[in-house]
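# Structural overview for review
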Amino acid sequence: MDLVPRNNVEKWLQFLGNELPVIAFKCATQVQEKNLPGAGKRVNPACVDLSRGTVSYGASSLLKILHSLCQTEAIKVGLIGFSNVGKSSLINTLKQYKVCNVGSLRGTTRIMQDVNIDNRIKILDSPSLVVSPDNPPVTLFMRSAFHRDDDDNLAHANKILKHCEKQQIMLRYNVPDYRNSSEFLDLLARRRGLYKKKGLPDVEAVAKIFLAEWMGARLCYYTVPPASCSSHIDATQTSAMKKRVNCKLLDSENKKSIKGVRNPSPSCSIPFNFSHITNGILDENEIIEQKQEPSDLDNEEEMEDKDIGEDQKETQDAEEQSASGKKTVKSVSFDKPANTDEDYDFNADFN
């Protein structure tokens with residue numbers, strides 16, 4: 001919640017709170033291994049100095065809810081979400097030191113990982129949800145966990161710019177008025193001193209930098225909640241969840257967290273005009289496997305399989321011909337004629 005304006009946080013809390021209890025959360029982004037006492041050495045996690053990490057908000061509220069659900073037995077909490085939204089950072093914040101790998105690149109978490117918060121709470125860190133292909137193209141790019149180096153960066157930058165206000169883009173990147181995305185990238189490349197040979201602006205390089213800022217946490221942008229959205233959770237489940245949580249206490253703690261967090265001003269953040277909720281794939285049978293180019297090792301294995309198949313075919317043909325009583329005659333061709341007396345190799349006597 002520290003990456004969007006305060007009024008936008010309040011709107012999303014109200015919108016999402018119609019279905020399930022919501023916690024306004026801010027991760028401790030600098031809880032890393034180097035903050036541990038005796039960096040580079042094995043230390044006891046119970047002796048970690050917690051005062052050296054950045055302050056987080058919402059962690060105590062989340063732990064209160066989880067402890068209220070495990071009064072009779074231990075629980076395992078599944079943590080799900082799209083790529084690069086802070087799932088592993090949330091676990092590190094609750095654990096108060098680094099136990100999960102985090103990074104600005106999408107798809108950092110590749111395998112399931114169980115993390116013991118205490119003796120009664122275990123959190124399951126999982127890879128990101130798969131974005132459904134029926135989403136708009138800009139959503140597929142910004143939420144998909146799959147990213148290739150050969151993607152068309154210019155086309156992706158154009159998709160993002162179409163959903164942003166021009167005045168906010170001009171203020172954020174300090175560029176004059178532009179007519180289209182190509183002119184914007186040209187101006188931005190000149191602004192940042194990115195040139196190719198013969199003094200031409202390096203549009204490809206600046207487009208890659210532009211997209212990296214939108215994928216990371218350096219750029220503050222936000223979306224407005226949609227006016228209406230069909231609920232995908234049954235009303236009985238919603239009421240059952242709210243009975244297990246003290247919603248009034250949670251609302252008061254959310255208000256305290258919002259007041260304590262330093263949010264960016266509306267002038268420093270970019271509104272992203274998009275009201276479509278991202279759809280994910282919940283059934284693994286709907287996932288379309290991407291075709292990958294075979295590696296050199298795979299090519300060698302295919303060639304070996306092909307040679308083995310040809311040898312088996314020749315053996316089978318020979319057996320069929322012998323069974324039918326036919327003799328097989330193999331024609332042999334030599335590059336050189338047979339050795340004559342003049343071509344006699346005297347070294348053969350000494351072998």
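Residues numbered from 1 in each chain as written. Predicted model: local features only at pLDDT ≥ 70, side-chain atom pairs only at ≥ 80, totals over all residues. Heavy atoms only, no water.

Turning our eyes to something else, we now look at the packing of helix α6 (residues 166–173) against helix α8 (residues 203–215). With their axes 14 Å apart at the nearest point, α6 and α8 run at an angle of 100° to one another. The pairing of α6 with α8 is recorded here as roughly perpendicular in orientation. Contacts from Ile-169, Arg-172 and Tyr-173 of α6 reach α8 at Phe-210, Glu-213 and Trp-214. The residue makeup of the contact of α6 with α8, split by class, is four nonpolar, no polar and two charged. (Axes fitted to C-alpha atoms, helices over the stretch in contact; angles between N-to-C directions. Helix = DSSP H or I, 4+ residues; strand = E, 2+ residues; numbered from the N terminus. Parallel < 35°, antiparallel > 145°, perpendicular 65-115°, else oblique. Contact = heavy atoms within 4.5 Å. Nonpolar A, V, L, I, M, F, W, Y, C, P; charged D, E, K, R; others polar.)

Let's shift gears to the environment of Tyr-57. Summarising the element assignment, Tyr-57 is placed in the loop between α1 (6–16) and α2 (59–69). Separated by 29 residues in sequence, Tyr-57 and Ala-28 place their C-alpha atoms 8.2 Å apart. Ignoring sequence-local partners within four residues, the contact set of Tyr-57 consists of Met-1, Ala-24, Phe-25, Lys-26, Ser-257, Gly-260 and Val-261. Within the structure, Tyr-57 has its side chain in polar contact with the backbone oxygen of Gly-260 (distance 3.1 Å). (Polar contact = N/O pair within 3.5 Å; in protein donor to acceptor, adjacent residues only side chain to side chain.)

Moving on, we come to the pairing of strand β2 (residues 113–116). One ladder, built from four bridges, connects β2 with strand β3 (residues 121–125); its direction is antiparallel. Bridged to Val-115 within β3 is Ile-123. Connecting β2 to the antiparallel partner β3 that follows it, the hairpin turn spans four residues. (Pairing = 2+ DSSP bridges.)

So, about α6. All of the buried residues in α6 are Gln-168, Ile-169, Met-170 and Tyr-173. Among the structural elements, α5 (153–162), α7 (181–191), α8 and β5 (270–271) are those in contact with the buried residues of α6. Directly beyond the C-terminal end of α6, a positive phi value near 55° is found at Asn-174. (Buried < 20%, exposed > 50% of the residue type's maximum accessible area, 1.4 Å probe, protein only.)

Glancing now at α8. Taking 1.5 Å of rise per residue, 13 residues should cover 18 Å, and α8 covers 18 Å from first to last C-alpha, within 8% of that figure. For α8, every residue scored as buried is listed here: Val-206, Ala-207, Phe-210, Leu-211, Glu-213, Trp-214 and Met-215. On its buried face, α8 is in contact with α4 (137–143), α5, α6, α7, β4 (221–222) and β5. (Expected span 1.5 Å × (residues − 1).)

Keep in mind these values describe shape, not function.
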